[in-house]
Amino acid sequence: MLLAERLVLLLLDPKRGEWRVAPQRTPADELCATALLVQLIAQHRIAVHGGRLAAVGQLPSSHVLLDGTLAVLAHQPLAPAQAVIQVARHFAPLRVQLCEGLFRRDLLHRERDTRFLRRTRLRYPLRSLQARNEAIAAVHAAAGTAPAGVIDLGLLLLLDLAGRLADYLDADAHERAVQRLLQLGHAAPRDEALQTLARLRDGLIDG
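Each chain has its residues counted from 1, following the order in which its sequence is written. Local features in a predicted model are, by the rule used here, given only for residues with pLDDT of at least 70; side-chain atom pairs are given and counted only at 80 or more, and totals for whole chains, interfaces and linings are based on all residues. Excluded from the side-chain calculation are hydrogens and water; included are all heavy atoms of the structure.

Just to check I follow, could you spell out helix α3 (residues 64–75) for this structure?
An α-helix turns once per 3.6 residues; consequently, residues spaced three or four apart project the same way. Secondary structure elements are taken from DSSP: a helix is a run of H or I of four residues or more, a strand is a run of E of two residues or more, and numbering for both begins at the N terminus. By this rule, a helix spans an expected 1.5 Å times one less than how many residues it contains. Counted at 1.5 Å a residue, the expected span for α3 with its 12 residues is 16 Å, and the 17 Å between its end C-alpha atoms agrees. On its buried face, α3 sits against α2 (28–42), β1 (46–49), β2 (52–55), α4 (80–90) and α5 (94–104). Contacts are assigned to residue pairs that have any heavy atoms within 4.5 Å of one another.

As structure tokens, then:
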């Protein structure tokens, strides 16, 4: 399962199928775009060149959304915040594309919300409790005491950007998660993936 899909399961209200991102936080499409970038960083398909994110290599990835993300960066390296915006625009609406993929795999329902006069909006209530429980377990593991990789730290970062990190962790685990994110800036120079993730985080906070 893509990191972006796991994020969807965590940010959707299970019953209402509506997005729950804290006010004044990163918009849902940009969160999903960030998740795609993190996935490619973990695969060593994105690196930092001159402070900008650039695609590495020409081989296709294992998913059309990842291929599309690489294509955005293949034109020219982009500053982290700009890369997120461009990827979100490329797939707009990205959150719907991800929900549709989960719907086709029977992990979400799809319902039409007709409360709005001008247009019909789709809602995606949870269908698979197991899938969401696995996503929650991944958050707990990422904030645990074992060493965390790029995907683990990326998941914590995404929930923090959404203002939802505290919803899934107790006080001790939340403190551990926050410290792990703060320590990203001190990643060993030899760990290029973590260095790239740190640059993405810093770019999003500063941008």
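Got a minute to help me understand the pattern of salt bridges in this structure?
Think of it this way: side chains of opposite charge can pair up when their charged atoms draw near. Salt bridge criterion: a side-chain nitrogen from Lys or Arg within 4 Å of a carboxyl oxygen from Asp or Glu. For the structure shown, the criterion picks out 9 salt bridges. Of the charged contacts, one joins Arg 121 and Glu 18 as a salt bridge, the two residues approaching to 3.9 Å between their closest N and O atoms. With Arg 121 in strand β4 (residues 121–123) and Glu 18 in the loop between α1 (3–11) and α2, this pair connects stretches of sequence that are 103 residues apart. Per-residue accessibility, obtained with a 1.4 Å probe over protein chains only, is compared with the maximum for each type, and a residue is labelled buried under 20%, exposed over 50%, and partly exposed between these values. Judged by relative accessible area, which is 32%, Arg 121 ranks as partly exposed. Here Glu 100 makes a salt bridge to Arg 110, at a shortest N to O gap of 2.6 Å. Here Glu 100, found in helix α5, pairs with Arg 110, found in the loop between α5 and β3 (111–113); they are 10 residues apart in sequence, far enough to count as distant. Arg 110 sits in the partly exposed class, given a relative accessible area of 38%.

Would you explain unusual backbone geometry in this entry?
With an omega of -5°, the peptide bond between Ala 92 and Pro 93 qualifies as cis. Within the secondary structure layout, Pro 93 lies in the loop between α4 and α5. Unusually for a residue other than glycine, His 44 sits at a positive phi of about 60°. Its location among the elements puts His 44 in the loop between α2 and β1.

Just to check I follow, could you spell out the packing of α1 against α2 for this structure?
Helices that pack against each other are described as a pair by the angle of their axes relative to one another and the distance between those axes. To get an axis, a line is fitted to the C-alpha atoms, and for a helix only the part in contact is used. The angle between two axes follows their N-to-C directions and goes from 0 to 180 degrees. Remark: α1 packs on α2, axes separated minimally by 8 Å, with the N-to-C direction vectors making an angle of 145°. Of the two elements, α1 crosses α2, and the hand of that crossing is right-handed. Note on element contacts: α2 touches α1 through Leu 31, Cys 32, Ala 35, Leu 36, Val 38 and Gln 39, opposite Leu 3, Ala 4, Leu 7, Val 8 and Leu 11. Note on residue classes: Ala, Val, Leu, Ile, Met, Phe, Trp, Tyr, Cys and Pro are nonpolar, Asp, Glu, Lys and Arg are charged, and everything else, Gly too, is polar. For the contact of α1 with α2, the per-class residue count stands at 10 nonpolar, 1 polar and no charged. Crossing handedness is read from the near helix: turned anticlockwise from the far helix by less than a right angle, it gives a left-handed crossing, and turned clockwise, a right-handed one.

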